[in-house]
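The residues making up each chain are set out below.
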Amino acid sequence: MAVITVEPENEHITARTVYCVGRNYADHAREMGAEVPSEPVVFIKPATAVINGEAPIVLPTFSNDIHYEIELVALVDEVPKNISIEAADRYIIAYGVGLDLTARDIHSVAKKKGLPWATAKGFDGAAPVSRFKKKESGLINTTTTLRLTINNQVRQQDCIGNMIFSIPAIIAHLTKYFSLRRGDLIFTGTPEGVGQLQPGDSVKAEIVNIVSFSTRVQKL
Ligand code: MG
């Protein structure tokens, strides 16, 4: 089980279910040839997908096309069911950065056939995350920037103000269906610029001036 470290007190919280939102930046929806959604597109990764972002990314053998997707990640507390958007913010414990690793070959076939995304998105290690920063007022705002750098080239960069659904809106939506528990993680979608990881790549994922992690990509 991956344990999340929350700075500055270095509190440890065991990661539980990973709730992910797809197509939450219009430019990324367009690059995937998908419609901009009218409500959040939700999928789940199991807790076994979560790994420490500083650990190497080991490419699994069942895919020839593992993609990176940098995302802002919220760590939440237990949240009452059917919470309002206005009341949801207080249940966010901390923010971090993560990669929604995706076996794009499996994902593309599943989408075409109308099948679930579970294996394409939920495999072991498919959710590397940074250390987290405890939420405080002003820590993040609409100009907060996500940036993914591979081999010293910026591949993805956008500000979170471009998200279609805000984090409280995502939480409110999730609680219609799910009982969110302390330690659940919410991946909030990726901006445009997703692409393939190659063995030997050096990867830096950051919420600029807030949190980051660096790692390398390896073959199994
Ligand atoms: Mg994603």
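Let me sum up the structure you'll find in this document. Just so it is clear, the structure is predicted and the values come from calculations on it, not from any experiment. (Residues numbered from 1 in each chain as written. Predicted model: local features only at pLDDT ≥ 70, side-chain atom pairs only at ≥ 80, totals over all residues. Heavy atoms only, no water.)

This next bit is on the environment of Pro 40. Within the secondary structure layout, Pro 40 lies in the loop between helix 1 (26–31) and strand 4 (41–45). Discounting chain neighbours no more than four positions away, the residues touching Pro 40 are Val 21, Phe 165 and His 173. (Helix = DSSP H or I, 4+ residues; strand = E, 2+ residues; numbered from the N terminus. Contact = heavy atoms within 4.5 Å.)

This paragraph deals with the sheet that holds strand 13 (residues 145–150). Sheet architecture is open: 5 strands sit in the order 6-18-17-13-14, paired in mixed fashion. Among the strands making up the open sheet, the edge pair consists of strand 6 (57–59) and strand 14 (153–159). Pairwise comparison of adjacent strand axes, ignoring direction, gives a mean angle of 20° for this sheet. Relative to strand 17 (residues 202–207), strand 13 is paired through 5 bridges, and the arrangement is antiparallel. When the bridges of strand 17 are listed, Arg 147 appears paired with Glu 206. (Pairing = 2+ DSSP bridges. Axes fitted to C-alpha atoms, helices over the stretch in contact; angles between N-to-C directions.)

Owing to its 3.6 residues per turn, the α-helix brings residues three or four apart onto one side. The buried fraction of helix 5 (residues 167–174) is high, at 8 of 8 residues. By the burial criterion, the buried members of helix 5 are Ile 167, Pro 168, Ala 169, Ile 170, Ile 171, Ala 172, His 173 and Leu 174. Check the buried side of helix 5 and you find it contacts strand 3 (18–22), strand 4, strand 8 (70–76), helix 2 (85–88), strand 9 (92–99) and strand 15 (185–187). (Buried < 20%, exposed > 50% of the residue type's maximum accessible area, 1.4 Å probe, protein only.)

With that settled, consider the side chain of Asp 201. Looking at where Asp 201 falls in the secondary structure, it is placed in the loop between strand 16 (195–196) and strand 17. Put simply, Asp 201 is tucked away with no salt bridge, and the nearest opposite charge, on Arg 155, sits 5.6 Å away. A distance of 2.7 Å separates a polar side-chain atom of Asp 201 from the backbone nitrogen of Gln 198. (Lys, Arg positive; Asp, Glu negative; His and termini not counted. Salt bridge = Lys/Arg side-chain N within 4 Å of Asp/Glu carboxyl O. Polar contact = N/O pair within 3.5 Å; in protein donor to acceptor, adjacent residues only side chain to side chain.)

With antiparallel pairing, 3 strands are arranged side by side in an open sheet as 10-7-16. Pairing within the sheet leaves two strands with one partner each, and these edge strands are strand 10 (102–103) and strand 16. Sheet topology places strand 7 (residues 66–68) next to strand 10; 2 bridges connect them, and they run antiparallel. If you follow His 67 over to strand 10, its bridge partner there is Thr 102.

This next bit is on the pairing of strand 14. Where strand 13 and strand 14 come together, 6 bridges link them in antiparallel fashion. From the neighbouring strand, Thr 145 faces strand 14, where its bridge partner is Cys 159. Between strand 13 and strand 14, which pair antiparallel in sequence order, lie 2 residues; one of them, Asn 151, sits at a positive phi of approximately 50°.

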